[in-house]
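Below are the chains, spelled out letter by letter.
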Amino acid sequence: MMSIQVFTSAELAAAGLRQAVIDLCLAAHEDNAFRYMFTKYFSSGARHFLAYDGETLVSHAVVSTRGVQPQGLPILRTAFVDAVSTLPSRQNQGYGSATMQRLAATIGDYEIGCLQTDRTSFYAHLGWEEWRGPLAGRSDDGPNPTPDQRGVMVLRLPTTPPFDLDAALTIECQPERIWE
Ligand SMILES: CC(C)(COP(=O)(O)OP(=O)(O)OC[C@H]1O[C@@H](n2cnc3c(N)ncnc32)[C@H](O)[C@@H]1OP(=O)(O)O)[C@@H](O)C(=O)NCCC(=O)NCCS
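Every value quoted in this text rests on a predicted model; they were computed, and no experiment measured them.

The rules behind these values
Counting restarts for each chain, with residues numbered from 1 along the sequence as it is written. Residues qualify for local features only when their pLDDT is at least 70, as the model is predicted, and side-chain atom pairs are given and counted only at 80 or more; totals for whole chains, interfaces and linings, by contrast, use all residues. Hydrogens are left out, water is left out, and the side-chain values use all remaining heavy atoms of the structure. Using only the protein atoms, space was sampled on a 1 Å grid; points where a 1.4 Å probe fits but cannot get out form cavities, open sets with protein on both sides within 12 Å along at least five of seven lines form pockets, and lining residues are those with an atom within 4 Å of a point. Grid points are joined across faces, edges and corners, and a volume is the space filled by probe spheres set on the points. Numbering goes from the N terminus for both helices and strands, where a helix is a DSSP run of H or I of at least four residues and a strand is a run of E of at least two. Gly counts as polar in this scheme, as do all residues outside two lists: the nonpolar Ala, Val, Leu, Ile, Met, Phe, Trp, Tyr, Cys and Pro, and the charged Asp, Glu, Lys and Arg. Accessible area is worked out with a 1.4 Å probe on protein chains only. A residue is then buried under 20% of its type maximum, exposed over 50%, and partly exposed in between. Every residue pair with non-hydrogen atoms within 4.5 Å of one another is taken to be in contact. Under this definition, polar contacts are N or O atom pairs within 3.5 Å; protein pairs additionally need one hydrogen-donor-capable and one acceptor-capable atom, and for neighbouring residues in sequence, both atoms have to be side-chain atoms. A pair of strands is considered paired only if DSSP assigns at least 2 bridges between the two.

Asks: What's the story with the layout of surface pockets in this structure? I'm lost.
Replies: A probe as big as a water molecule, rolled over the atoms, marks out the empty space that is left. If you add up the space inside the largest pocket, you get close to 870 Å³. Lining the largest pocket are 35 residues, with His29, Val84, Gln116, Thr117 and Tyr123 positioned closest to its centre. Looking at the lining of the largest pocket, the elements that each hand over two or more residues are helix H2 (18-29), helix H3 (34-40), strand S4 (76-86), helix H4 (95-105), strand S5 (112-116) and helix H5 (120-124). Here the lining of the largest pocket takes 7 residues from S4, the largest share from any one element. By residue class, the composition of the lining of the largest pocket is 15 nonpolar, 11 polar and 9 charged.

And the structure:
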């Protein structure tokens, strides 16, 4: 039976679950970036969503706080989603969707959701919309355009102000990454 548990990054580490989550992400994505992502980008207050089948960890997603800014609007308090992963042997069984639905229901304190993916159709079914306008990072030196970036998606939340998917969208630059 499926259950979903929510942990902050600090709680995940304290419960001894962090390595199991990293192993799940590595199995799903075969991307070594997950070895350092968890310490580099997710502060102690980041929210992890863990889906279990009984005792088996099957899916994961994490929300950290960033700031996207659609052109003409203030910087929005942004629930940025990373490390969405389902065990390869358990994909296409609804775990990822259930994890993302629980996540979406738990970020009402944010003004918008954002993520970057190579698999936009999966998220589109869950209400996420692909950004169509120009994208850039914001840094102290000014905008850092990312014209080749694809797959940036946003999720409207109850407090999301009206915006135009064709306008420009920026996000603060992080160490060694902008969107992905
Ligand atoms: C992308 C990913 C997180 C999805 O997780 P998942 O657990 O397979 O997701 P779900 O099972 O909920 O949904 C996957 C598909 O199966 C379908 N599905 C959901 N429940 C189902 C069920 N019970 N039976 C059959 N299909 C089902 C969904 O409609 C969905 O279809 P879609 O891809 O056309 O949207 C997972 O495949 C993964 O970790 N992939 C590896 C990494 C990757 O590709 N990442 C891309 C995003 S960065």
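Asks: Quick question: what am I supposed to make of the environment of Asp166 here?
Replies: As for its position among the elements, Asp166 is in the loop between strand S9 (152-155) and strand S10 (169-172). According to the relative accessible area criterion, Asp166 is partly exposed, its value standing at 44%. If near-sequence neighbours (up to four positions away) are discounted, Asp166 is found in contact with Arg132, Gly133 and Pro134. For Asp166, the side chain forms a polar contact with the side chain of Arg132, separated by 3.0 Å.

Asks: What should I look at first to understand the pairing of strand S7 (residues 135-139) in this one?
Replies: In regular strands, side chains alternate between the two faces of the sheet. Of the strand pairs in this sheet, S7 and S10 are connected by 4 bridges, and their pairing is parallel. Counterpart to Leu135 in the pairing with S10 is Leu169. Judged from the 4 bridges that link them, S7 and strand S8 (residues 142-145) form a sheet pairing that is antiparallel. What sits directly across from Ala136, in S8, is Pro145.

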